[in-house]
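The lines below spell out each chain.
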Amino acid sequence: MFLRDRGIGSVVLPRDCVEEASVIEDIDIYGFSDLKTALELLRARDVSEQLGRGHGKGLGRRILADGREFKPELKLRTAKGVCGEADLSFIKGQAFMKRAAEIAVSGRHNILFSGPAGTGKTMTAKCMPGLMPELSRKEDIEISMVYSVAGLLPEKSPLIGRRPFRAPHHGISMAAFLGGGQRAEPGEVSLSSGGILFLDEMALFKREVLEGLREPMEEGRIRIQRMRGSYEYPADFELVAAINGCPCGFYPDRSRCRCTEGQIRVYMGRLSKPILDRIDIFAEARPIRAEELLYGQREKSLGRKEESSAEVRERVKRVYEIQRERFKDIEGIEHNSRMGIREIERFCRLDEDCRLLLKEIFKKRQLSGRSYHRILRVARTIADMDESEDIREEHVLEASELRSLEERLGAYGAGRA
């Protein structure tokens, strides 16, 4: 891609690299098994003339050492396999959490799930890649480039063909998470670009690791400084995190939870205010009732079931199309979550009633400027889901409700009961 973008029309590569390089169009690729054969063919008059004619033109030919034209069979995985074994229909109840997940995916908003252990937070997170539309060719190549640098491309496919879902362990090092090492290899924030970065038990991650998320969450890129130079990798991921209410996981059920206020403060204290400010949506899961599980089984026996990931994905596709049309003339912005202040002022205009409502919410909750703008971005996404050109009061109310949990988490982060 680097050579093609700078006017080079022909490249000579090892034979084993031809299939991966073939995904790049408008450039001639010549594959050889050994250097001796390559030199012999390059000295030959006909091949030299071919290379000369192709140079700078990029006819898109793929020629092997024996003169055969190589036609790669790109076996790409489709969205059908993106979600893996997790599907939204497996989760019984939790309508609020599912709604929050759909809003988050529709606008590529960062989201934090909280609640007691075993309530479906991790399962919902694993379903979210399956709610995203299929990769475009451009997105697939950009994601595959990062995996190629990291040496993680599938053996039988030159493209990833699916959106990444990365779920690093909470004991991960800073270098493995953000990128680094002797070769400045991409870390988890880059390997999840274009997909989901899932932090299960977010409060257990090291404080310095979480603080390292600030730059990539704002800019969509990560810069790694080394003595040999500076390296920049994409990090345009959607952050999905999950936490329990306390170290034991039973809170708020005080009949089972024995954690003290001090223990809860220490547990939550790793989530700093700057990190919470960069999360758009907070969704709290409630304990599952036996009736919901039993009712779900009865509904299934009657031929009715919970909404599937495929059904939600069709709605998300429409919202993506609305955003694509909105930002078609703005470089670097494809989703509502990436809007800057200028775009917010242009696309998130409020009528007088909405302004008064948001003013009251701002004063009552003592919001930061960043939280205020994030409410507007989420409200814009909810309006898009309703196919409404204007942001209405109900959109503002739902967006602000999706940040109400931040007040409790922020209080613990500041060391207050």
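Everything that follows concerns the structure shown earlier in this document.
What you see is a predicted model; the values in this text were computed from it and never measured. (Residues numbered from 1 in each chain as written. Predicted model: local features only at pLDDT ≥ 70, side-chain atom pairs only at ≥ 80, totals over all residues. Heavy atoms only, no water.)

**Student:** I'd like to hear about the packing of helix α17 (residues 352-365) against helix α19 (residues 393-401), residue by residue, with values.
**Tutor:** Two elements in contact, α17 and α19, have axes separated by 9 Å at closest approach and are oriented at 20°. The orientation of α17 with respect to α19, classified from their angle, is roughly parallel. The crossing of α17 and α19 is right-handed. Residues D353, C354, L357, L358, I361 and R365 of α17 pack against E393, V396, L397, S400 and E401 of α19. Class assignment for the residues of the contact of α17 with α19 results in 6 nonpolar, 1 polar and 4 charged. (Axes fitted to C-alpha atoms, helices over the stretch in contact; angles between N-to-C directions. Helix = DSSP H or I, 4+ residues; strand = E, 2+ residues; numbered from the N terminus. Parallel < 35°, antiparallel > 145°, perpendicular 65-115°, else oblique. Left-handed = near helix turned anticlockwise from the far one by under 90°. Contact = heavy atoms within 4.5 Å. Nonpolar A, V, L, I, M, F, W, Y, C, P; charged D, E, K, R; others polar.)

**Student:** An account of the state of the cysteines is needed here, citing residue identities and associated values.
**Tutor:** Note: disulfide means a covalent bond formed between the sulfur atoms of two cysteine side chains. Applying the stated criterion across every chain, the model contains 0 disulfides. Counting only cysteine sulfurs, C246 is the nearest neighbor of C257, a cysteine outside any disulfide, at a range of 3.5 Å. On the accessibility criterion, C257 (2% relative accessible area) is buried. (Disulfide = S-S within 2.5 Å. Buried < 20%, exposed > 50% of the residue type's maximum accessible area, 1.4 Å probe, protein only.)

**Student:** So what's going on with helix α5 (residues 95-107)? Residues and values would help.
**Tutor:** Structural remark: α-helix, 3.6 residues per turn; residues separated by three or four positions point the same way. Taking 1.5 Å of rise per residue, the 13 residues of α5 would be expected to cover 18 Å, and the 19 Å separating its terminal C-alpha atoms lies within 8% of that figure. The element α5 is extensively covered by neighbouring structure, given that 10 of its 13 residues are classed as buried. Buried within α5 we find M97, K98, A100, A101, E102, I103, A104, V105, S106 and G107. (Expected span 1.5 Å × (residues − 1).)

**Student:** Tell me about the pattern of salt bridges, and name the residues and values.
**Tutor:** For the structure shown, the criterion picks out 29 salt bridges. E314 is paired through a salt bridge with K317; the nearest N and O atoms lie 3.4 Å apart. Residue E314 and its partner K317 are located together in helix α15 (residues 309-326), separated by 3 residues, close to a single helical turn. A salt bridge links D384 to R380, with the shortest nitrogen-to-oxygen separation between them at 3.1 Å. Note that D384 and R380 are positioned in helix α18 (residues 369-385) at a spacing of 4 residues, about one turn of the helix. One exposure class covers both D384 and R380, and it is buried. Each of E215, E219, R221, R223 and E232 takes part in salt bridges that share partners, so that together they form one network. (Salt bridge = Lys/Arg side-chain N within 4 Å of Asp/Glu carboxyl O.)

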